[in-house]
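# Examination of the molecular architecture
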Amino acid sequence: MTAVQHITVLGATGSIGLSTLDVIARHPDRYQVFALTGFSRIAELEALCVKHKPRYAVVPDAVVAHQLQVSLRAAGLVTEVLHGAQSLCEVAAHADVDVVMAAIVGAAGLPPTLAAAEAGKKVLLANKEALVMSGALFMQAVKRGGAVLLPIDSEHNAIFQCLPGDYARGLQQVGVRRVLLTASGGPFREMPLDQLHAVTPEQACAHPNWSMGRKISVDSASMMNKGLELIEACWLFDASPAQIEVVVHPQSVIHSLVDYVDGSVLAQLGNPDMRTPISHALAWPERIDSGVAPLDLFAIARLDFQVPDEQRFPCLRLAREAAQAGGTAPAMLNAANEVAVAAFLERRIRFPEIASIIEHVLQAEPAVALECLDTVLVADGQARNLAERWLAQR
Ligand code: NAD
Ligand code: MG
């Protein structure tokens, strides 16, 4: 039996954070929580601290930190409450941490995820935006720090499980012909195109198969999620965009596939429950119970596959173009998307305008080479400004 692993959960109050803590609670002999972080829903963070007794909790500002500290002391806890973005990096890179679950949503997760990679942690990557933005820089940090990077995104975790252990030699070298990235198609897969302008945030967040945070739910509805995942897969598996094919599979039972030159196609299947990839990555290379029910193939009965419709889902095309352009294009795509999704959730724009904003931003500012983290942050800021200006002039 291996020693107890100390874990920092970045974004503990979110959908992935809660699923992670559910798995951890099933294995107190293996895992101990070192730090929990939350940006909102502080009452829930407090309850998580009472349950998991972390050494540190991290919140956004000093006022919230003071209030939480007082409550936790009253509850008899020795948890120390820290605040601010720098503290996120500190609990991710702390010498006593073995594993970091990177489950903050969006660009805000980049600095602490990068800090965990530089510090050589076992990094469980849910925060796909961090890798999309910083691409090569992130992968270099993983190498430099000696970190172990394991994908939590269900598709990438599936691909990882279907690849041989030495895939880092190169996909061609290990006989891979294509990677087949599955997509559910989201709640609007079959909606008449002329009705898309009237869909509400509630409809967009009602995913047919997965229960997730609001931002990724909207991304799934626009298929930008698949676009971000295409870019994520290119970096994780050193693939070109042309080696990755998106396959719409409405049942979300096959989480992705790898097609080999001999005609073998390996797939990973399971119920759509993120506790499976989380447990896989936590225990890797071992296996542990996740609490997920066994797959009932008789109840599922059939599996369907379709070609993605890029007219319905222009975000997928935009992401593929950004992947091909390289440099700062994916960071700009991601930033414009974050602004657009927030505006849609605030009912400031209609659903099809998400793609319009992103296309405008990508056309307005040419991509440049990724030199350092500053290049990424400048591109991110420029794209946000351009998107906000588009919104203001609308
Ligand atoms: P969520 O909205 O449920 O949770 C996000 C977490 O990030 C919360 O704890 C929140 O407090 C924290 N957070 C938000 N803004 C922050 C900020 N500015 N600074 C610090 N913390 C902040 O999101 P989620 O669905 O759990 O997704 C988390 C990440 O995992 C996303 O990148 C998403 O794409 C990825 N992911 C999620 C799923 C899923 O099933 N939910 C699947 C695959 C990948
Ligand atoms: Mg996914």
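Note: the structure precedes this text.
Overview of the structure. Once a new chain begins, its residue numbering starts again from 1 and follows that chain's sequence as written. Both sets of labels track the order of writing: A upward for chains, 1 upward for ligands. Restriction of local features to residues with pLDDT of at least 70 applies here, the model being predicted, together with a cutoff of 80 or more for giving and counting side-chain atom pairs; totals for whole chains, interfaces and linings are based on all residues. The side-chain numbers reported here are obtained from all heavy atoms of the structure, hydrogens and water having been left aside.

### Brief notes about the overall build of the protein chain
- Think of it this way: any DSSP run of H or I at least four residues long counts as a helix, any run of E at least two long counts as a strand, and we number them from the N terminus. If you tally the helices and strands in the protein chain, you get 16 helices and 11 strands.
- Note on method: radius of gyration uses C-alpha positions; expected globular size equals 2.2 Å times residues raised to 0.38. Relative to the compact-globule value of 21 Å for 394 residues, the protein chain shows a C-alpha radius of gyration of 20 Å, a close match.
- With the C-alpha coordinates of the protein chain rotated into their principal frame, the extents come out at 55 × 55 × 45 Å.
- Exposed residues in this analysis have more than 50% of their type's maximum accessible area, buried residues have under 20%, and partly exposed residues fall in between, with area computed by a 1.4 Å probe over protein chains only. The buried share of the protein chain, taken over its 394 residues, is 56%.
- Of the contacts made within the protein chain by residues no fewer than 6 positions apart, 70% connect residues no fewer than 24 positions apart.
- About 16700 Å² of surface is accessible on the protein chain, with carbon and sulfur atoms providing 54% of the total.
- The protein chain carries 31 positive and 41 negative side-chain charges, and their two centres are separated by 2 Å. When checking whether two residues touch, look at their non-hydrogen atoms; a contact exists if any pair is within 4.5 Å. Exposure was quantified through the Shrake-Rupley algorithm and a 1.4 Å probe, taking into account, for residues, occlusion by the shown protein chains and nothing else. All tallies of charge rest on Lys and Arg as positive and Asp and Glu as negative; His and the ends of each chain are not included. Lys charges are placed at NZ, Arg charges at CZ, Asp charges at CG and Glu charges at CD.

### Remarks on the site of ligand 1
- When we say a residue is near a molecule or strand, we mean one of its heavy atoms is within 4 Å of it. Around ligand 1, the surrounding shell holds 22 residues, and the nearest of these are T13, S15, F39, E129 and G213.
- V105 has a polar backbone atom sitting 3.5 Å from an oxygen atom of ligand 1.
- Isolated, ligand 1 exposes 820 Å² of accessible area, and the fraction of that covered by the protein chains is 87%.
- Of all elements in the fold, only α1 (15-25) and α6 (128-145) reach the threshold of two or more residues within the shell around ligand 1.
- For the shell around ligand 1, the residue count by class is 11 nonpolar, eight polar and three charged.
- These domain limits were set by an automatic method or by a database of domain assignments. Two domains each put at least three residues into the shell around ligand 1: domain 1 (5-151) and domain 2 (153-310). Polar contacts here mean pairs of N or O atoms no more than 3.5 Å apart (in protein, one a potential hydrogen donor and the other a potential acceptor; neighbouring residues in sequence count only if both atoms are side-chain atoms). Only Asp, Glu, Lys and Arg are considered charged in this grouping, and only Ala, Val, Leu, Ile, Met, Phe, Trp, Tyr, Cys and Pro are considered nonpolar; every other residue, Gly among them, is considered polar.

### Quick notes on unusual backbone geometry
- Here the amide bond leading from W284 into P285 is cis, since omega sits at 5 degrees, within 30 degrees of zero.
- In this structure, P285 sits in the loop between α11 (275-283) and α12 (297-300).
- You will see that K53, though not glycine, has its phi angle at about 50 degrees, which is positive.
- Owing to a relative accessible area of 56%, K53 belongs among the exposed residues under this scheme.
- Unlike most non-glycine residues, D238 shows phi in positive territory, near 50 degrees.
- With respect to the helices and strands, D238 occurs in the loop between α10 (224-237) and β9 (244-248).

### Re a nonpolar patch on the surface
- A patch consists of residues exposed above 30% relative accessible area that lack any salt bridge, with like charges linked at up to 9 Å and nonpolar side chains (Val, Leu, Ile, Met, Phe, Trp, Tyr) linked at up to 5 Å. Think of a salt bridge as a Lys or Arg side-chain nitrogen and an Asp or Glu carboxyl oxygen that are within 4 Å of each other. A contiguous nonpolar surface patch, about 340 Å² in accessible area, is contributed by L269, L297, L303 and F305.
- With respect to the secondary-structure elements, L297 resides in helix α12.

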